[in-house]
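# Structural features, examined
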Amino acid sequence: MSKSYDVCVVGGGMVGAAQAALLSRAGYDVALLEANRPAEFNPEDEVGLRVSAISAGSRAILEQAGAWKCIQKQRYCAYREMHVEEQGSNRGLDFLADEFGRDALGYIIENQLVQSCLWKSIEAAGEVDIYSPDSLSKLEQHAGGVSVTLASGKSLECKVLAASDGALSSVRKMVGIDQQVWEYNERGLVAVITTEEPNPGIAWQRFLSGGPLALLPLSDGRSSIVWTQSDTDARRRVGLPETEFLAELSDACRNVFGRVVAVSERASFPLRTRISEHFLDGRVVLLGDAAHAVHPLAGQGVNLGFLDAAALTESLLAADEHSLDRALRHYARWRRSDSVLMTRGFHAIHELFALPGQISSKIRQIGMRITNKSWFTKDRLLLHAAGQHSDAPRLAKGETLREIMRS
Ligand SMILES: Cc1cc2nc3c(=O)[nH]c(=O)nc-3n(C[C@H](O)[C@H](O)[C@H](O)COP(=O)(O)OP(=O)(O)OC[C@H]3O[C@@H](n4cnc5c(N)ncnc54)[C@H](O)[C@@H]3O)c2cc1C
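Residues numbered from 1 in each chain as written. Predicted model: local features only at pLDDT ≥ 70, side-chain atom pairs only at ≥ 80, totals over all residues. Heavy atoms only, no water.

### Comments concerning the site of the ligand
This is how it is decided: Any residue with at least one heavy atom within 4 Å of a molecule or strand is counted as near it. Pairing of N or O atoms within 3.5 Å defines a polar contact, subject to two protein rules: one partner must be a possible hydrogen donor and the other a possible acceptor, and residues neighboring in sequence count only if both atoms are side-chain atoms. Accessible areas in this description were obtained via Shrake-Rupley with a 1.4 Å probe; residue shielding takes into account the shown protein chains only. Just so you know the grouping, Ala, Val, Leu, Ile, Met, Phe, Trp, Tyr, Cys and Pro go in nonpolar, Asp, Glu, Lys and Arg go in charged, and all remaining residues, Gly too, go in polar.
Lining the immediate surroundings of the ligand are 32 residues, of which E34, A53, D289, G299 and V302 lie closest. Between the ligand and N36 there is a distance of 3.4 Å, counted from an oxygen atom to a side-chain nitrogen or oxygen. Side-chain polar atom of R50 to an oxygen atom of the ligand: 3.1 Å apart, as the coordinates give it. Against a free-state accessible area of 1000 Å², the protein chains account for coverage of 83% of the ligand. Looking at the shell around the ligand residue by residue, the classes come out as 13 nonpolar, 14 polar and five charged.

As structure tokens, then:
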């Protein structure tokens, strides 16, 4: 006997968990399938290697998903300043929260904490049926929705299936949605570092000839780094003896907060840009990395995913039984056009900074200087980075679920 749901969310990473929390709080019957049940966050543990720069819009969405208070009680770092420069010049682009009337430009938070707080919110409400550890092994679409078979043999009936099963999404493959993929042969090297002086709360990024290096502030004065570099360099640097690694990193970040004196374990992840040809097939919708994956140079990957979750919630709330298909098409058009713009934009920035030679470098530096002087351009850039531009979902702009349900 199959159990029936309004929405089955496949993949309970940060994006899928946010989607399940928002939809159940909006009154839908939701099932959440996750292959690996996340471990509970332990504040005694060392800071995780995977962190995200969470935007103001994402914070508003996490508040409505019931996860923000839990995050606030643990550890995170609000940053009020952002600096971007290119090797060869320490002048570049500066953003100050105060200048734009913002409390913060964003928040550096461990991925595991975000996911764990979302799961806590879901579990505390007790409204979502969780199937974990379990995974989707088969799906069949029909006029009224999607029939799903799980690896455990259980079967579910879903009016809508929301696939948030990551960049290698098996749901996307099952329904045959193609992707455009840009390969860079690059990896993002991640680690936690200690500098002579504490990071004073600046998200700092320097474009080097091999790729950007970001130092993101943590609550204890250390920085989390994301260092983009060629596949070969990343593999070599992950294995370097500590003293040699510290010397190379100190040089790469021009000792911005003094010398780098300690580093945690290191890891690296392959970097690609991906955009799905469609975000919808029948009653199957894609969101998060299953729909699009962007280069981390702008720290926007999961933020785009949270916008997807908010947009799908709003699209469904605006529909009834008869207009469900129209609402899904609306979601897919809305989020794909924004995601195409963002993926192409980040890809273009990546290519622009990869252009070799003095002339290209001079042009980039002049461009940054001009942008730095334009309050209007910087304000527009910040609105987009915050996920609060005119076309952003209402939840990201601070409206509550209750307000949206009432309207
Ligand atoms: C080095 C690096 C730095 C980054 N920094 C930032 C940043 O600063 N800011 C930012 O916004 N983004 C950043 N990103 C991107 C961000 O990490 C991703 O966009 C985000 O983790 C994607 O979340 P997701 O929930 O969509 O997918 P995932 O985290 O991949 O979650 C997918 C989930 O689905 C589950 N799953 C898969 N298949 C199945 C199945 N068949 N059945 C059931 N469950 C399944 C998996 O177990 C997993 O839990 C960075 C990425 C990298 C590589």
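Structure's up, so let's keep going.
### Points about unusual backbone geometry
Rules: For the purposes of this entry, the term helix denotes a DSSP run of H or I that reaches at least four residues, the term strand denotes a run of E that reaches at least two, and both are numbered from the N terminus.
Cis geometry is found at the peptide bond from S132 to P133, where omega equals 0°. Note that P133 resides in the loop between β8 (128-131) and β9 (136-142). Unusually for a residue other than glycine, R254 sits at a positive phi of about 45°. Checked against the element boundaries, R254 lands in the loop between α7 (242-252) and β16 (260-263). For N255, which is not glycine, the phi torsion reads 50° and is therefore positive. As for its position among the elements, N255 is in the loop between α7 and β16.

### Topic: the nonpolar core
What counts here: What is meant by a nonpolar core is a set of buried Ala, Val, Leu, Ile, Met, Phe, Trp, Tyr and Cys residues, joined one to another through side-chain atoms within 4.5 Å. Under the scheme applied here, a residue whose accessible area is under 20% of the maximum for its type counts as buried, over 50% as exposed, and between as partly exposed, the area being computed with a 1.4 Å probe on protein chains only. The contact criterion used throughout is that any non-hydrogen atoms of two residues lie within 4.5 Å.
Core analysis: the biggest nonpolar cluster contains 86 residues, and L62, L118, V148, L156, L161 and F306 have the highest contact counts within it. Among the elements that line this core, the one with the most residues is helix α8 (residues 301-317), at nine residues. Here L62 is in contact with I54, A67, W68, I71, V114, L118 and F306, once residues within four sequence places are set aside. One finds V51, A97, A214 and M368 within the second-largest nonpolar core, a separate group that totals 22 residues.

### Notes on the pattern of salt bridges
So the rule is basically this: In the sections that follow, a salt bridge refers to a side-chain nitrogen of Lys or Arg positioned within 4 Å of a carboxyl oxygen of Asp or Glu.
This structure, assessed with the given rule, holds 23 salt bridges. Salt-bridge contacts for E110 lead to R75; the nearest nitrogen and oxygen are separated by 2.7 Å. Here E110 is found in strand β7 (residues 106-110), whereas its partner R75 is found in the loop between α3 (68-73) and β4 (77-79), with 35 residues between them in sequence. Across the pair, R75 and E110 agree in class, each one buried. Between R364 and E86 there is a salt bridge, with the nearest N and O atoms lying 2.6 Å from each other. Within this pair, whereas R364 is found in helix α10 (residues 358-373), its partner E86 is found in strand β5 (residues 81-86), the two being separated by 278 residues in sequence. R364 gets classed as buried once you look at its relative accessible area, which sits at 8%.

### Overview of the pairing of strand β14 (residues 211-217)
Rule in force here: Any two strands between which DSSP finds at least two bridges are classified as paired.
With seven of seven residues buried, β14 is to be regarded as a mostly interior element. Sheet analysis places strand β13 (residues 202-208) next to β14, joined by five bridges and oriented antiparallel. Within β14, the position partnered with R206 by the bridge is L213. Hairpin connection between β13 and β14: a loop of two residues separates the two successive antiparallel strands. In the sheet, β14 pairs with strand β15 (residues 223-230) via five bridges, with the strands oriented antiparallel. Of the residues in β15, the one forming a bridge with L213 is W227. Connecting the antiparallel pair β14 and β15 is a turn made up of five residues, with G221 showing a positive phi of about 90°.

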